[in-house]
Amino acid sequence: TQARDHAARCVKWLRDGAPGRIILDVVEADGLWPLLEQYGDGREVLPDAAVMHTALKDLDKPGNVDADLKKAIDEYDAAGFVLRYNKLAQVRRAVGDDFVLGDMVSIEKSKYDPDTKAYSKKVRVVLNLKSSKISAATRMRHKIEFPRATDVVKNMLNMMAEVKPGEVIVQLVVDIANAFWNIPNHPMERRFFVTKVGSDWIVFLRTAQGSRNAMLT
């Protein structure tokens with residue numbers, strides 16, 4: 001805070017959980033990201049749990065499980081990124097009766113390796129919050145801007161112009177393992193990040209990929 005770094009306000013997310021802008025807004029990001037020019041609420045009404053759970057009596061029945069999806073959930077569970085239950089009553093005790101159920105979607109991408117001259121498959125699993133109407137109920141306050149390669153080039157040229165004899169410029173790349181999953185989601189909004197995989201109920205403890213504000217956190 002002494003450095004007046006706006007990001008210091010977000011440190012508490014590591015302890016309390018990051019808001020998903022569904023019922024909690026992310027005012028801590030003001031100053032970090034530009035506000036949308038026409039910022040307003042712009043949200044649809046949150047889906048009624050009674051409407052989303054029209055077939056609760058059937059939800060305890062196991063369904064088909066994609067192998068890639070099961071692998072991803074197993075990895076999330078082992079890493080502590082999700083809570084896993086086998087009964088609907090357990091989910092209700094964890095997040096309350098008024099939770100919204102979403103479905104999981106596997107996105108497959110193929111990448112060509114010129115060395116092996118073969119394609120490798122990479123599967124990314126996302127929580128489909130668009131189908132559960134949570135995306136439409138999410139408030140968008142900031143315009144997300146990502147660093148560009150030209151920013152690095154510009155910064156390097158500026159430093160090179162000021163380098164003194166005997167000084168060396170060293171560039172380092174920091175790759176944080178599971179960086180996306182390091183910040184927990186806020187407990188008040190976990191009821192919007194629930195899915196069912198086979199006979200397992202899954203509650204996400206992180207901002208799931210597929211949510212509108214995942215890029216922000």
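The sections below set out a description of the structure shown in this document. Small disclaimer: the values here were computed from a predicted structure and weren't measured.

Brief notes about the side chain of arginine 191
Next up, step 1: Tracing the chain through its elements places arginine 191 in the loop between α5 (149-162) and β4 (194-197).
Next up, step 2: At 2.8 Å, the side chain of arginine 191 and the backbone oxygen of aspartate 98 are in polar contact.
Next up, step 3: Those residues in contact with arginine 191 that lie beyond four places of it in its chain are Ile23, Val95, Asp98, Phe99 and Val100.

Observations regarding the layout of surface pockets
Next up, step 1: Put simply, the largest pocket is a space of about 580 Å³.
Next up, step 2: If you go around the largest pocket, you meet 19 residues; those closest to its centre are Tyr76, Lys122, Val123, Arg124 and Val125.
Next up, step 3: Of all the secondary-structure elements, those providing two or more residues to the lining of the largest pocket are α3 (67-79), β2 (101-113) and β3 (118-128).
Next up, step 4: Ranked by residue count, the leading element in the lining of the largest pocket is α3, at six residues.
Next up, step 5: Residue composition of the lining of the largest pocket, grouped by class: ten nonpolar, two polar and seven charged.

Focus: the pattern of salt bridges
Next up, step 1: This structure, assessed with the given rule, holds eight salt bridges.
Next up, step 2: A salt bridge links arginine 15 to aspartate 16, with the nearest nitrogen and oxygen atoms 2.7 Å apart.
Next up, step 3: Arginine 15 gets classed as exposed once you look at its relative accessible area, which sits at 65%.
Next up, step 4: Between aspartate 97 and arginine 92 there is a salt bridge, with its nearest N and O atoms 3.8 Å apart.

Comments concerning the packing of aromatic side chains
Next up, step 1: Within the structure shown, the criterion is met by five aromatic pairs.
Next up, step 2: On the basis of an interplanar angle of 10° and a centroid distance of 5.2 Å, the ring pair of phenylalanine 81 and tryptophan 181 is categorised as stacked. Separated by 100 residues along the polypeptide, phenylalanine 81 in the loop between α3 and β1 (82-85) and tryptophan 181 in the loop between α5 and β4 bring together distant segments of the chain. For the residue pair phenylalanine 81 and tryptophan 181, the accessibility class agrees, reading buried in each case.
Next up, step 3: Site record: aromatic cluster; members linked through ring pairs are Tyr76, Phe81, Trp181 and Phe204.
Next up, step 4: Over the aromatic face of tryptophan 201 sits the side chain of lysine 196, whose NZ or CZ is 5.5 Å from the ring centroid.

As for the pairing of strand β5 (residues 200-204)
Next up, step 1: Among the five residues in β5, five count as buried, and that is most of the element.
Next up, step 2: By the alternation rule, side chains of β5 split into Asp200, Ile202 and Phe204 and Trp201 and Val203, which are all buried.
Next up, step 3: Sheet topology places β1 next to β5; four bridges connect them, and they run antiparallel. Bridged to valine 82 within β5 is phenylalanine 204.
Next up, step 4: Sheet topology places β4 next to β5; four bridges connect them, and they run antiparallel. Looking at the pairing, lysine 196 lines up with tryptophan 201 of β5.
Next up, step 5: Turn length for the β4-β5 hairpin, with the two strands adjacent in sequence and antiparallel, is two residues, and the turn residue glycine 198 shows positive phi of about 65°.

Some words on the nonpolar core
Next up, step 1: If you look at the biggest cluster of nonpolar residues, it comprises 20 residues, and the most contacted ones within it are Ile73, Tyr76, Met104, Leu127, Phe193 and Phe204.
Next up, step 2: Listing elements by their share of this core, those giving two or more residues are α3, β3 and β5.
Next up, step 3: Considering every element that reaches this core, the biggest residue donor is α3, with four residues.

Thoughts on a nonpolar patch on the surface
Next up, step 1: Together, Val153, Leu157, Met159, Met160, Val163 and Ile169 make up a nonpolar patch on the protein surface, roughly 510 Å² of accessible area in all.
Next up, step 2: In this fold, valine 163 is placed in the loop between α5 and β4.

Focus on the environment of leucine 14
Next up, step 1: Residue position: leucine 14 is located in helix α1 (residues 13-16).
Next up, step 2: For leucine 14, a relative accessible area of 55% puts it in the exposed group.
Next up, step 3: Residues leucine 14 and asparagine 185, 171 residues apart in the sequence, show an inter-C-alpha distance of 9.0 Å.
Next up, step 4: With sequence-adjacent residues up to four places away left out, leucine 14 is seen in contact with Asn182, Ile183 and Pro184.

Parameters at a glance
- Residues numbered from 1 in each chain as written.
- Predicted model: local features only at pLDDT ≥ 70, side-chain atom pairs only at ≥ 80, totals over all residues.
- Heavy atoms only, no water.
- Helix = DSSP H or I, 4+ residues; strand = E, 2+ residues; numbered from the N terminus.
- Polar contact = N/O pair within 3.5 Å; in protein donor to acceptor, adjacent residues only side chain to side chain.
- Contact = heavy atoms within 4.5 Å.
- 1 Å grid on protein atoms, 1.4 Å probe; cavity = no way out; pocket = protein on both sides within 12 Å on 5 of 7 lines; lining within 4 Å.
- Points joined across faces, edges and corners; volume = space filled by probe spheres on them.
- Nonpolar A, V, L, I, M, F, W, Y, C, P; charged D, E, K, R; others polar.
- Salt bridge = Lys/Arg side-chain N within 4 Å of Asp/Glu carboxyl O.
- Buried < 20%, exposed > 50% of the residue type's maximum accessible area, 1.4 Å probe, protein only.
- Phe/Tyr/Trp six-rings, centres within 6.5 Å; stacked < 30°, edge-to-face > 60°.
- Lys NZ or Arg CZ within 6 Å of the ring centre and 35° of its normal.
- Pairing = 2+ DSSP bridges.
- Core = buried A, V, L, I, M, F, W, Y, C linked by side-chain atoms within 4.5 Å.
- Patch = residues over 30% accessible without salt bridge, like charges linked within 9 Å, V, L, I, M, F, W, Y side chains within 5 Å.
- Areas by Shrake-Rupley, 256 points an atom, 1.4 Å probe, with all protein chains shown as cover.

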